[in-house]
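Listed below, chain by chain, are the residues.
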Amino acid sequence: MKNKANVVIIGGGVVGCSIAYNLAKKGVKDVVLLEKSYLSSGATGRCGAGVRQQWGTKQNCLLASESMHIFEHFEDILQIKRDIELKQKGYLLLAYSDKELEQFKKNIVVQHSLNIPSILLTPKEAKEIVSDLNIEKLVGAAYCAKDGHANPFQVTLGYAEAAQRLGVEINKFTEVKDIITKNNTALGVQTNKGFIECKKVVVAAGGWTQNIVKMAGLDLPIYSERHEILVTESVKNVLDPMLMSFSYNIYCQQEPNGSFIMGYGPENEPPSYNMESSWEFLETMSKKATWLLPPLKNIRVIRQWAGLYNISPDRQPIVSQINQLEGLYVACGFSGHGFMLAPAVGILMADIVTGDQLTYNVILDLERFNRGEIIEEPSVV
Ligand code: FAD
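Per-chain numbering applies: the sequence of each chain, read as written, is numbered from 1 onward. In keeping with the model being predicted, local features are shown solely for residues with a pLDDT of at least 70 and side-chain atom pairs are shown and tallied solely at 80 or more, while totals for entire chains, interfaces and linings include all residues. As a rule here, side-chain values cover all heavy atoms of the structure and leave hydrogens and water aside.

1. Things to note about the overall build of the protein
So, point 1. Scanning the protein from terminus to terminus reveals 10 helices and 18 strands.
So, point 2. At 20 Å, the protein has a C-alpha radius of gyration in line with the 21 Å of a compact globule built from 381 residues.
So, point 3. Seen through its C-alpha atoms, the protein measures out along the principal axes to roughly 60 × 40 × 40 Å.
So, point 4. Per-residue accessibility, obtained with a 1.4 Å probe over protein chains only, is compared with the maximum for each type, and a residue is labelled buried under 20%, exposed over 50%, and partly exposed between these values. Within the protein, the proportion of its 381 residues that are buried is 58%.
So, point 5. The long-range fraction of contacts in the protein, counting pairs at least 24 apart against all pairs at least 6 apart in sequence, stands at 73%.
So, point 6. Asp and Glu count as negative and Lys and Arg as positive, but His and the ends of the chain are not part of the count. Taken as the charge location is NZ of Lys, CZ of Arg, CG of Asp or CD of Glu. The positive charge centre, built from 38 side chains, and the negative charge centre, built from 41, are 3 Å apart in the protein. Each helix is a run of H or I in the DSSP string that is no shorter than four residues. Each strand is a run of E no shorter than two, and both are numbered from the N terminus. In this setup the radius of gyration rests on C-alpha atoms only. A globule is expected at 2.2 Å times the number of residues raised to 0.38. Here, residues are in contact when the closest pair of their heavy atoms is within 4.5 Å.

This is the structure:
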């Protein structure tokens, strides 16, 4: 392991690996990435794998559609051979009230301004797309055929491989224990394998970001929360799009191998680093899923697990330099959408670290909370 670097990135999830690749692509030398476990061991390898462009704010639509472009041309752009198993079989967003449907209509106007090909559907039209869908109480739906899912492990490993090819050093099973500072400037990081002196530290440690910035004596307005998820046995393909409802609070997709992956946003889950599975989740999830797709009542669950959502005050990412400590940067607070935004976030953070003009006209800096500029995104799970 190098003992001196230009930039140290902490975290080997999809965000850290995307940042590493994009910094190296810009020509930044001596980039070192540190991951305390294996790549994708955090939220990335535990996520629902959904990638959607149907958002309500222009900046989320922009970051998601730019990311989708990169997912679509992943091997060409990164110049590697790796199938990220992108399946663009749509996202069907379900509306259970007129208010929700009105919001979908407004979102679609924003999406169309960026050429995202979303459409509004009646319940009957939604059932034409998913014949097993229970349309009782359904008021309407929004649908984008170009949304879908991809394999988060393959995407992360792809970024890591491309970054290494461009000279990034990736150290797995290397845990950051401390950030060394002097006169409000980052000087380096202490790991379980030694000290690395560096000019810049980028924290992309997902749910553990707060712990790491605390090492530098700082506190961010973020917390982590357990989100559970399960996978079923594989059966014949009956569900093409990702099904999602914000008000009924569920997402559910069928993988190419026939397994269903599903989860929901827990209510009253306390902030924690708990990643244990619960019986309560299994029971509630089963009820929700079998109401939405009645034939699922005969399917067996084969595994459940949990991961951490990292949540900011507006449930939107913080991709920012930290003014209180020269040389410190964070990419965190992704709630349930860090995988789908990671390609564009990597580009954005590389711009911020190098001081270049931002590729995307978005506001995700930490100081927005002090300015009172809360992002109002209506389409968050
Ligand atoms: P992580 O993947 O958590 O990576 C952070 C890494 O930092 C970890 O590997 C960790 O080991 C490492 N680390 C921590 N501390 C240290 C240390 N001290 N030293 C070194 N390394 C350290 N997003 C979507 O876009 N679509 C979805 O469908 C979706 N579904 C989700 C479902 C669930 C159940 C969960 C939990 C999340 C879901 N998300 C989804 C959100 C998405 O998974 C995250 O936003 C995204 O993976 C965040 O990536 P990351 O690289 O920032 O964090």
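2. Remarks on the sheet that holds strand 5 (residues 118-121)
So, point 1. Note on pairing: two strands pair once DSSP finds at least 2 bridges between them. Ordered by their spatial adjacency, 8 strands build an open sheet running 5-6-4-13-14-15-12-16, and the pairing between neighbours is mixed. Both outer strands of the open sheet, strand 5 and strand 16 (301-311), are each paired with one neighbouring strand and no more. Averaged over all neighbouring strand pairs, the angle between strand axes comes to 20°, with direction disregarded.
So, point 2. Sheet analysis places strand 5 next to strand 6 (residues 140-144), joined by 4 bridges and oriented antiparallel. The residue of strand 6 that forms the bridge with L120 is A142. Only C-alpha atoms enter the line fits that serve as axes; for helices the fit covers just the stretch in contact. Angles between N-to-C directions range over 0 to 180 degrees.

3. Details of the packing of helix 1 (residues 14-25) against helix 6 (residues 152-165)
So, point 1. The contact between helix 1 and helix 6 brings their axes to 8 Å, and the two run at 30°. In terms of their interaxial angle, helix 1 and helix 6 are classed as roughly parallel. Crossing angle aside, the handedness with which helix 1 passes helix 6 is left-handed. Every residue of helix 6 that contacts helix 1 at V14, C17, S18, A20, Y21 and N22 is listed here: V155, T156, Y159, A160, A162 and A163. What sets the label is the angle itself: under 35 degrees gives roughly parallel, over 145 gives roughly antiparallel, 65 to 115 gives roughly perpendicular, and the rest give oblique. In a left-handed crossing the near helix is turned counterclockwise from the far helix by less than a right angle, and in a right-handed crossing that turn is clockwise.

4. Considering the nonpolar core
So, point 1. Within this scheme, the nonpolar core is defined by two criteria: the residues are buried Ala, Val, Leu, Ile, Met, Phe, Trp, Tyr or Cys, and they are joined through side-chain atoms within 4.5 Å. The biggest cluster of nonpolar side chains holds 77 residues, and the ones touching the most others in it are I9, V15, I19, L23 and M349.
So, point 2. Take this core: its biggest share by element is 12 residues, from helix 9 (residues 338-354).
So, point 3. Look past the residues within four positions of I9 in its chain and what remains in contact with it is G16, I19, A20, L23, V31, V32, L33, L34 and V202.
So, point 4. Judged by nonpolar contacts, the second largest core, of 28 residues, contains V8, V189, A205 and V213.

5. Considerations on the packing of aromatic side chains
So, point 1. Any two of the Phe, Tyr and Trp rings considered here, Trp counted by its six-membered ring, make a pair once their centres fall within 6.5 Å; the pair's planes then place it as stacked at under 30 degrees, edge-to-face at over 60, or tilted in between. Taken as a whole and assessed by the stated rule, the structure comprises 8 aromatic pairs.
So, point 2. Ring geometry for Y96 and W291: centres 6.1 Å apart, planes at 50°, overall tilted. Note that Y96 is positioned in the loop between strand 4 (91-95) and helix 4 (98-113) and W291 in helix 8 (residues 279-292), a separation of 195 residues in sequence.
So, point 3. Taking 5.2 Å as the distance between ring centres and 25° as the angle between the ring planes, the aromatic pair formed by Y264 and F281 counts as stacked. Here Y264 is found in the loop between strand 15 (259-263) and helix 8, whereas its partner F281 is found in helix 8, with 17 residues between them in sequence.
So, point 4. By relative accessible area, Y264 is classed as buried at 10%.

6. Thoughts on the side chain of T57
So, point 1. By the element assignment, T57 lies in the loop between strand 3 (50-51) and helix 2 (58-72).
So, point 2. In this structure, T57 is in contact with V110, I375, E376 and E377, ignoring residues within four places of it in sequence.

7. Notes on a nonpolar patch on the surface
So, point 1. Patch definition: residues with relative accessible area over 30% and no salt bridge; like charges joined within 9 Å; nonpolar side chains (Val, Leu, Ile, Met, Phe, Trp, Tyr) joined within 5 Å. Residue exposure ignores everything except the shown protein chains as possible cover, and the areas themselves are Shrake-Rupley values with a 1.4 Å probe. Salt bridges are defined by distance alone: a side-chain nitrogen of Lys or Arg within 4 Å of a carboxyl oxygen of Asp or Glu. Nonpolar side chains collect at one region of the surface, where Y38, F153, L157 and F173 lie side by side and expose about 380 Å² of accessible area between them.
So, point 2. For Y38, the location among the structural elements is in the loop between strand 2 (31-34) and strand 3.
So, point 3. With a relative accessible area of 42%, Y38 lands in the partly exposed category.

8. Some words on the site of the ligand
So, point 1. Neighbouring the ligand are 39 residues, the closest being E35, T44, G48, G50 and M340.
So, point 2. Between the ligand and the protein, one listed contact pairs a nitrogen atom with a backbone N or O atom of G48 at 2.9 Å.
So, point 3. Computed on the free molecule, the ligand has an accessible area of 1,000 Å², of which 97% lies beneath the protein chains in the complex.
So, point 4. Domain limits in this description derive from either an automatic procedure or a database domain assignment. Residue-level mapping places the shell around the ligand at the junction of two domains, with at least three residues from each of domain 1 (4-48 + 153-222 + 313-371) and domain 2 (88-148 + 224-308). Residue proximity to a molecule or strand is established when one non-hydrogen atom of the residue lies within 4 Å of it. Whenever a nitrogen or oxygen atom comes within 3.5 Å of another N or O atom, the pair is scored as a polar contact, on the condition that within protein one atom can donate a hydrogen and the other can accept it, and that pairs from neighbouring residues in sequence are kept only if both atoms are in side chains.

9. As for the domain arrangement of the protein
So, point 1. By the assigned domains, the protein splits into domain 1 (4-48 + 153-222 + 313-371) and domain 2 (88-148 + 224-308).
So, point 2. Spacing between the C-alpha centres of domain 1 and domain 2 amounts to 30 Å.
So, point 3. On the domain 2 side, the residues contacting the 10 residues of domain 1 number 14 residues.
So, point 4. Surface buried jointly by domain 1 and domain 2 totals about 890 Å² across both partners, of which 51% is contributed by carbon and sulfur atoms.
So, point 5. The interface formed by domain 1 and domain 2 includes 0 salt bridges.
So, point 6. For the pair domain 1 and domain 2, the interface holds 5 residue pairs in polar contact (both at pLDDT 80 or more).
So, point 7. The classification used treats Ala, Val, Leu, Ile, Met, Phe, Trp, Tyr, Cys and Pro as nonpolar, Asp, Glu, Lys and Arg as charged, and all other residues, Gly among them, as polar. By residue class, the composition of the side of domain 1 that touches domain 2 is 4 nonpolar, 4 polar and 2 charged. When two parts are put together, the accessible area they lose, computed with a 1.4 Å probe and summed over both, is reported as buried area.

10. Thoughts on the state of the cysteines
So, point 1. We call a pair of cysteine sulfur atoms a disulfide whenever their separation is within 2.5 Å. Per the counting criterion, the structure on display carries 0 disulfides.
So, point 2. Sulfur of C144: no disulfide; nearest cysteine sulfur belongs to C61 and is 9.8 Å away.

11. Some words on the pairing of strand 9 (residues 176-182)
So, point 1. Of the pairings in the sheet, the one linking strand 9 to strand 10 (residues 185-191) comprises 6 bridges and is antiparallel in character. Within strand 10, the position partnered with T181 by the bridge is A186.
So, point 2. Following strand 9, the chain reverses through 2 residues before pairing antiparallel with strand 10; N183 in that reversal takes a positive phi of roughly 50°.

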